[in-house]
Amino acid sequence: MTQSSVDLPPKGGFSFDLCKRNDMLTQKGLKAPSFLKTGTTIVGLIFKDGVILGADTRATEGPIVADKNCEKIHYMAPNIYCCGAGTAADTEAVTDMVSSQLRLHRYQTGRDSRVITALTLLKKHLFSYQGHVSAALVLGGVDITGPHLHTIYPHGSTDTLPFATMGSGSLAAMSVFEAKYKEGLTRDEGIKLVAEAICSGIFNDLGSGSNVDICVITKGHKEYLRNYMEPNPRTYVSSKGYSFTKKTEVLLTKITPLSERVEIVEVAGEAMEE
Amino acid sequence: MTFTVPIDNGDSVKIAEEESQRTLYPYVTGTSIVAIKYKDGVLMASDMGGSYGSTLRYKNIERVKAIGKHSLLGASGEISDFQEILRYLDELTLNDNMWDDGNSLGPKEIHNYLTRVMYNRRNKFNPLWNTLVLGGVKNGKSYLGMVSMIGVSFEDDHVATGFGNHLARPILRDEWHADLSFEDGVKLLEKCMRVLLYRDRSAINKLQIAKITEEGVTVSQPYSLKTFWEFSSFHNPTAGAEGSCRMLS
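Residues numbered from 1 in each chain as written. Chains lettered and ligands numbered in written order. Predicted model: local features only at pLDDT ≥ 70, side-chain atom pairs only at ≥ 80, totals over all residues. Heavy atoms only, no water.

Novice: Quick question: what am I supposed to make of the overall build of chain B here?
Specialist: Along its length, chain B carries six helices and 13 strands. In chain B, which comprises 249 residues, the proportion classed as buried is 46%. Expressed as a percentage of contacts within chain B between residues at least 6 apart in sequence, the contacts between residues at least 24 apart total 61%. A total accessible area of about 13,800 Å² is found for chain B, and carbon and sulfur atoms account for 52% of it. (Helix = DSSP H or I, 4+ residues; strand = E, 2+ residues; numbered from the N terminus. Buried < 20%, exposed > 50% of the residue type's maximum accessible area, 1.4 Å probe, protein only. Contact = heavy atoms within 4.5 Å. Areas by Shrake-Rupley, 256 points an atom, 1.4 Å probe, with all protein chains shown as cover.)

Right, dumping it as structure tokens:
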């Protein structure tokens, strides 16, 4: 095996050394491996006491549904959660990385993490990769300065909004928010509106589907409602599910060893060939 | 010494002439149309903008027109192709009137005619770059259908073209129901048009709503929708996060 002569990439960012070789291979007919995308609907909104995040649970690999019930609301800190759209590996890796950076920071400062810290760590990382880390995030949380909701785009730009949607189903969800959002919603009104927006994405966008996950974050308290709504249950034709009519019957319970009925002849020499 | 010069000129000029006979891109375009069936007939809403690429060139284009006594045609896409379609339909209705047999073309017939025209043009690789919405009432039955530039045609209780597909359809699917009253229908259309105004960059705040019933067609005067920009986080968007995008997204 020959040693690869590719150097380790310099600190930070990508090394594009293999791009020419990859182009040559695709020209020769090699199909590049596809990556798991989470064609998604993710939303967040600020209500009276805090932030509510919502997400669907379908992960797609091109036209196939790879995971019917994946988790798109990632933990960042006890008071901060982040929804991710785009390439599943990228959103997982980036949120895990920043989550551990936040924990170390908490140990060092002795204080609760602030949402803006998570925001800055994420945007710095994504910007340095110039959009190649395909993660579009909705970051929400409540810290000492109040409730915050931000969107982060793959190239590293961020927005601070009262309500936000991302992913392929973002237009369907945004139409619900633009029509129905008002300030000062109560917790139940907020949850209802978020569920409605995610359902709009689930039913009107092909890249989103299955169930609705919701996360409610308030001062000092969070509630992760996994599978809050399951509007796409598996249905069976009969209400009892599958049932088999009793066609198998027991005829005999007496066991007769076969060696009493059959003559066994040992053939010398030839063992069974594997 | 002979040297061969590639004789591209003659051929390429010919090809250029042939190429320029086909519609390759739209130039002056109208954005979405949203239409619904309601108790007495059909309601159709459109804004009055004509964009030339990313410039808002025309602000007084009527994209919904009455056809005969029984139909209403709305178009999004290339405006010149829409005007051409109106000329075709004029010819069609004129020829039909010349029969003088008391019959008049209903919405179903016009929809079928338009489908044939659009599909045939698409087969010749020279499409009319429009998505058309055809609504009408004849003999008490309301009809609402759509034809796209490649000839896809269908009827439905509520339709939307362009950006309306993504932004208005979810709202219509949730909130449309049979036998809407006129006021409720207009409120539903305005809800959709408001979302489009917020989120479609080529939409303008000047819209018309057209109504067609057994009695005939009424196209409203142009008016504008009220919009709400007073969210507290819009007043100071970067209060919690210095350095993030200060522009309203």
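Picking up after the structure, the text goes on.
Novice: Before we go on, may I ask you to explain the UniProt feature "active site" (unreviewed entry) in chain A in this structure?
Specialist: Residue and element names in this part refer to chain A. When the UniProt feature table is mapped onto this chain numbering, "active site" (unreviewed entry) sits at T40. As for its placement among the helices and strands, T40 is situated in the loop between α1 (19-27) and β1 (42-46). For T40, a relative accessible area of 1% translates into the label buried. There is a polar contact of 3.2 Å between the side chain of T40 and the side chain of K72. (UniProt positions renumbered as here; feature names shortened; annotations may be inferred. Polar contact = N/O pair within 3.5 Å; in protein donor to acceptor, adjacent residues only side chain to side chain.)

Novice: Would you mind going over the environment of T55 of chain B with me for this structure?
Specialist: Mapping T55 of chain B onto the fold places it in strand β5 (residues 55-58). Distance in space between the C-alpha atoms of T55 of chain B and S202 of chain B is 8.7 Å, their sequence separation being 147 residues.

Novice: Would you explain the nonpolar core in this entry?
Specialist: Here is a general trend for soluble globular proteins: nonpolar side chains tend to be buried in one another's company. Counting 42 residues, the largest nonpolar core has L45, I52, L53, F177, Y181, V194 and I214 of chain A as the members making the most contacts within it. Counting residues per element, the ones that place at least two in this core are β1, β2 (50-56), β6 (80-86), β7 (135-143), β10 (163-166), α4 (170-180), α5 (187-204) and β11 (212-218) of chain A. Looking at this core element by element, the count peaks at eight residues for α5 of chain A. Leaving out residues up to four positions away in the same chain, L45 of chain A has contacts with G50, V51, I52, L149, P162, F163, F177, Y181, L185, G190, L193 and V194 of chain A. In terms of nonpolar packing, the next biggest core, distinct from the first, is built from 22 residues, V186, L188, M193 and L207 of chain B among them. (Core = buried A, V, L, I, M, F, W, Y, C linked by side-chain atoms within 4.5 Å.)

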